[in-house]
Amino acid sequence: MANTYTQIHIHFVFAVKFRQAIIDKEWREELYKYIAGIIKNNNHKLLAINGVSDHVHILIGIRPAQSISDLMKNIKQDSSKWINMSKFSKSHFEWQEGYGAFSYSKSQLNAVVNYIQSQELHHKKKTFKEEYIDFLEKFEVDYDEKFIFKELV
């Protein structure tokens, strides 16, 4: 839309269903490239993507023409279909229901990019659940722990 100028940066965090550690290092980079394509095709700007075997972090410069929930629906639906069609996972692949979305100012972007790029190192010290709860508390998001990305029991 003419005369519309925005600068919206969103950090997304989402997990494999039941937080199963099934995103293998052998195909993780291909997954990130596929997700990057989804983001680009939706006219957003990917600033960083990384994760570990059970979850993914994405930092996006997002355009307001698409809702956050619609973008995440596209990313999760399309990437899980692609993973299953590519037969990367031995079992049926699904993303966990829900996601985290946290906004940052331009002055914070370098720190967020560095954080996302150092996921492997970061998770040697902290579990995904601990990390996610830290985000919710830092951003003062009300939550019920029974709804925090369920584990397979």
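The structure we're discussing is the one just above.
A brief structural summary. The structure displayed is predicted, hence computed values, not measured ones. (Residues numbered from 1 in each chain as written. Predicted model: local features only at pLDDT ≥ 70, side-chain atom pairs only at ≥ 80, totals over all residues. Heavy atoms only, no water.)

### Some remarks on the pattern of salt bridges
Cut-off, in case you're wondering: The rule for a salt bridge is simple: a side-chain nitrogen of Lys or Arg has to be within 4 Å of a carboxyl oxygen of Asp or Glu. Every helix listed is a DSSP run of H or I at least four residues long, and every strand listed is a run of E at least two residues long, numbered separately from the N terminus. Remark: exposure states derive from per-residue accessible area (1.4 Å probe, protein chains only) relative to the maximum for the residue type, with buried under 20%, exposed over 50%, and partly exposed in between.
Following the criterion strictly, the structure yields four salt bridges and no others. Across the salt bridge formed by Glu 94 and Lys 17, the nearest N and O atoms sit 3.5 Å from each other. Separated by 77 residues along the polypeptide, Glu 94 in the loop between helix 2 (68-86) and strand 4 (100-104) and Lys 17 in the loop between strand 1 (9-15) and helix 1 (25-41) bring together distant segments of the chain. The class for Lys 17 is partly exposed, based on a relative accessible area of 29%. Its salt-bridge partner being Lys 126, residue Asp 134 comes within 2.3 Å of it at the nearest N-O pair. Under the relative-accessibility criterion, Asp 134 is labelled partly exposed at 34%.

### A few points about helix 1
Working note: α-helix, 3.6 residues per turn, so residues spaced by three or four point in the same direction. So the rule is basically this: Helix span is expected to be 1.5 Å times the residue number reduced by one. Of all possible arcs, the one meant is that of the directions from the helix axis to the C-beta atoms. A contact between two residues is defined here by any heavy atoms of the two lying within 4.5 Å.
The terminal C-alpha atoms of helix 1 lie 25 Å apart, and with 17 residues this matches the ideal 24 Å at 1.5 Å per residue to within 8%. Among all positions of helix 1, only Trp 27, Arg 28, Leu 31, Tyr 32, Ile 35, Ile 38 and Ile 39 are buried. The buried residues of helix 1 occupy an angular sector of 160° when the element is viewed end-on, so they sit on one face. Set apart from the buried face of helix 1 by more than 90 degrees, the exposed residues are Glu 26, Glu 29, Lys 33, Lys 40 and Asn 41. Turning to helix 1, the residues buried within the fold contact strand 1, strand 2 (45-52), strand 3 (55-61), helix 2 and helix 4 (119-122). The first or second residue beyond helix 1 is Asn 43, which carries a positive phi of 65°.

### Re the nonpolar core
Which entries qualify depends on this criterion: To define a nonpolar core, start from buried Ala, Val, Leu, Ile, Met, Phe, Trp, Tyr and Cys residues and group those joined through side-chain atoms within 4.5 Å.
One finds Leu 31, Ile 58, Ile 75 and Trp 95 to be the most contacted residues of the largest nonpolar core, which totals 23 residues. Looking at this core, the elements with two or more residues in it are strand 1, helix 1, strand 3 and helix 2. Here this core gets six residues from one element, more than from any other, and that element is helix 1. Leave out the neighbours within four places in its chain, and Ile 58 touches Ile 10, His 11, Phe 12, Phe 14, Ile 35, Ile 39, Leu 46, Ala 48, Ile 49, Ile 75 and Ile 116. Within the second largest apolar cluster, 16 residues are counted, among which are Tyr 104, Val 113, Leu 136 and Phe 149.

### Focus on the packing of aromatic side chains
This is how the line gets drawn: Pairs were defined over the aromatic rings of Phe, Tyr and Trp, the Trp ring being its six-membered one, requiring ring centres within 6.5 Å. Orientation was assigned from the angle between planes: stacked under 30 degrees, edge-to-face over 60, tilted for the rest.
By the definition in use, this model includes 12 aromatic pairs. One aromatic cluster is present, built from ring pairs that chain together Phe 14, Trp 27, Tyr 34, Trp 82, Phe 88, Phe 93 and Trp 95.

### Section: the side chain of His 123
Inclusion rule: Two N or O atoms form a polar contact when they lie within 3.5 Å of each other; inside protein one atom must be a possible hydrogen donor and the other a possible acceptor, and for residues adjacent in sequence the pair counts only when both atoms belong to side chains.
Mapped onto the elements, His 123 comes out in the loop between helix 4 and helix 5 (128-138). Here the side chain of His 123 touches Glu 131 through a polar contact of 3.1 Å, side chain to side chain. Residues contacting His 123, with those up to four places away along its chain left out, are Val 52, His 55, Phe 128 and Glu 131.

### Structural notes on the sheet that holds strand 1
Put simply, the test is: Strand pairing requires that DSSP identify at least two bridges connecting the strands. Orientation is described by axes fitted as lines to C-alpha atoms, over the contacting stretch for helices, and by angles from 0 to 180 degrees between their N-to-C directions.
Pairing is antiparallel across the open sheet formed by four strands, whose spatial order is 2-3-1-4. Edge strands, defined here as strands with exactly one partner in the open sheet, are strand 2 and strand 4. Averaged over neighbouring strand pairs, the angle between their axes works out to 15° when direction is ignored. Examined bridge by bridge, strand 2 and strand 3 share seven bridges and lie antiparallel to one another. The residue of strand 3 that forms the bridge with Lys 45 is Gly 61. Strands strand 1, strand 2 and strand 3 of the sheet are contacted by helix 1, whose axis makes an angle of about 150° with strand 2. Across the sheet, helix 2 touches strand 1, strand 3 and strand 4, and the angle it forms with strand 1 is around 45°.

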